[in-house]
Amino acid sequence: MHRNTAIHSHATTIGYCTNVHAGTDLESIRENLIRYSLPVRDLVGGQSLGVGLWIPNDASKELIDGGAAEFAEFLRSRRLAAFTINGFPFSNFHQDVVKHDVYSPAWWDDARLEYTRRLAAILAVILDESQTVGSISTLPIGWGKSPGDEKIHRAGANLRAMADSLEKLESTSGRRIVLAIEPEPGCYLDTVGDCLAFFEKELPDESHRRYITVCHDVCHSAVMMEDQRDVLSRLATAGIGVGKVQVSSAILADWESMATGRRHEAIDQLRDFAEDRYLHQTGRKKSDGSFELVEDLPGLLDSLPTDGDPVAGDQRWVIHFHVPIFLERFRHLSTTHDEVGVALRTLDNLQGSLDFTGHLEIETYAWTVLPESMRRRGLSEDIASEIEWLKRQQDQ
């Protein structure tokens, strides 16, 4: 068992992830921050607004070539506080079809290492002065449960090299940047058990774990039907830090609470979410208590019988579709909205035993593909509503 010799307690920072906005170059990023983030800042009434920046590969090259200091001033002068970067999507996250492309390059590919090194160097420059540590989330090695031992060993070597780079960066810049591996359904790491095993084998030393942490995505954990308390407690016990928590909510179809006719109506409702851009992995809990992960919602819906009970033998489904975190129920479907509260309370209870940066990043990137009826007003107004809701949960 590994334990951190020093448990760090950090003040909570709330922000939203800008991967909801399209644009892969620096000019587009600036335009989106002006168009959307500044109105959000004003709507929530804060002195500054926390932003989790999405800086894809092309923009990272622009910033690393001397543009980071200017970008830092751009953010500072507009009271936008950079505290974390979403380093998961490498390229265009808003093309017509993303699906499995978001998992490339994997961590066994050196291109992922070099990209993430650039992000760390950028964040060390643009990190808001209110922060003592910056975080970068990244993909959970790659897509698929069985990529092969050679690829996994190479991924481990690249992550150890990344830890070495982050250690050097801290010694030269004075700023600690942590990388946060984000488990996602269907990837090599999609449960806390996977993470514990990978860290034990590939990142066993405290020198690794000072810089390589886990990003806990509430929605992803809910899709895998994990207990939020169990996940965070096991990370604390293993001495694995939480680089950030992505506050997100999934769709829940509670079949046991519906009559057969309602189940057909709920299936029809789910078809509105079977869209083509993103992958919507679905966790199924069967009547016998067993769990099955289905790769994508559209294929699952197409496989259902049209006669009789379409979901006979299933207790519930949890669908990887990031819906607004303040949403509890819509017609026959509900959400995993309550899981957010459980995660927040657990983080509070684990103070003193879990190394947590305090970074809370709202990641409802799917606003642009939600059914029109679920968008309250404009995008900035909807994002502001999520931030205000999360602040209220924090105050409870």
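Coordinates for the structure precede this section.
Report follows, based on the coordinates. Since the model is a prediction, treat every value here as computed from it, not as a measurement. (Residues numbered from 1 in each chain as written. Predicted model: local features only at pLDDT ≥ 70, side-chain atom pairs only at ≥ 80, totals over all residues. Heavy atoms only, no water.)

A look at the overall build of the protein
Applied cut-off: A run of DSSP states H or I qualifies as a helix once it reaches four residues; a run of E qualifies as a strand once it reaches two. Both are numbered from the N-terminal end. Atoms counted for the radius of gyration: C-alpha only. Globule rule: 2.2 Å times the number of residues to the power 0.38. For every residue, the accessible area obtained with a 1.4 Å probe (protein chains only) is divided by the maximum for its type, and the residue is called buried under 20%, exposed over 50%, and partly exposed between those limits. Note on contacts: a residue pair qualifies if any of its non-hydrogen atoms lie within 4.5 Å across the two residues. Here the open area of atoms and residues is found with the Shrake-Rupley method and a 1.4 Å probe, where only the protein chains shown may cover a residue. Charge counting treats Lys and Arg as positive and Asp and Glu as negative, with His and both chain ends excluded. A charge is said to be at NZ when it belongs to Lys, at CZ for Arg, at CG for Asp and at CD for Glu.
Along its length, the protein carries 12 helices and 14 strands. At 20 Å, the protein has a C-alpha radius of gyration in line with the 21 Å of a compact globule built from 396 residues. Looking at the protein as a whole, 60% of its 396 residues are labelled buried. Across the protein, every contact between residues at least 6 apart in sequence was considered, and the portion connecting residues at least 24 apart equals 82%. Carbon and sulfur atoms make up 44% of the accessible area of the protein, which amounts to about 15500 Å² in all. Across the protein, the mean location of the 41 positive side-chain charges is 3 Å away from that of the 61 negative side-chain charges.

What about empty space enclosed by the protein?
One water molecule sets the probe size; rolling that probe over the atoms shows where empty space is left. Stated precisely, the cut-off is as follows: Definitions used for this entry: grid spacing 1 Å over protein atoms alone; cavity, a set of points where a 1.4 Å probe fits but cannot get out; pocket, an open set with protein on both sides within 12 Å along at least 5 of 7 lines; lining residue, one with an atom within 4 Å of a point. Grid points are joined across faces, edges and corners, and a volume is the space filled by probe spheres set on the points. Domains are outlined according to an automatic or database domain assignment.
Enumeration according to the criterion identifies seven cavities of 30 Å³ or more in this entry. The computed volume of the largest cavity comes to approximately 160 Å³. Lining the largest cavity are 18 residues, and of these Phe93, Val102, Glu184, His320 and Tyr365 lie nearest its centre. Two domains each provide a minimum of three residues to the lining of the largest cavity, namely domain 1 (13-249 + 335-395) and domain 2 (252-321). Lining of the second largest cavity is provided by 15 residues; of these, Pro183, Val192, His216, Glu226 and Val231 occupy positions nearest its centre. Those elements giving two or more residues to the lining of the second largest cavity turn out to be helix 5 (192-202), strand 6 (212-217), helix 7 (218-223) and helix 8 (228-238).

Looking at the sheet that holds strand 3 (residues 80-86)
Using the following cut-off: Note: two strands are recorded as paired if DSSP finds a minimum of 2 bridges between them. Lines fitted to the C-alpha atoms define the axes, with helices restricted to the stretch that makes contact. Angles between their N-to-C directions range from 0 to 180 degrees.
With respect to topology, eight strands assemble into a closed barrel ordered 1-2-3-4-5-6-7-14, the strand pairing being parallel. Adjacent strand axes in the sheet meet at a mean angle of 35° when their direction is disregarded.

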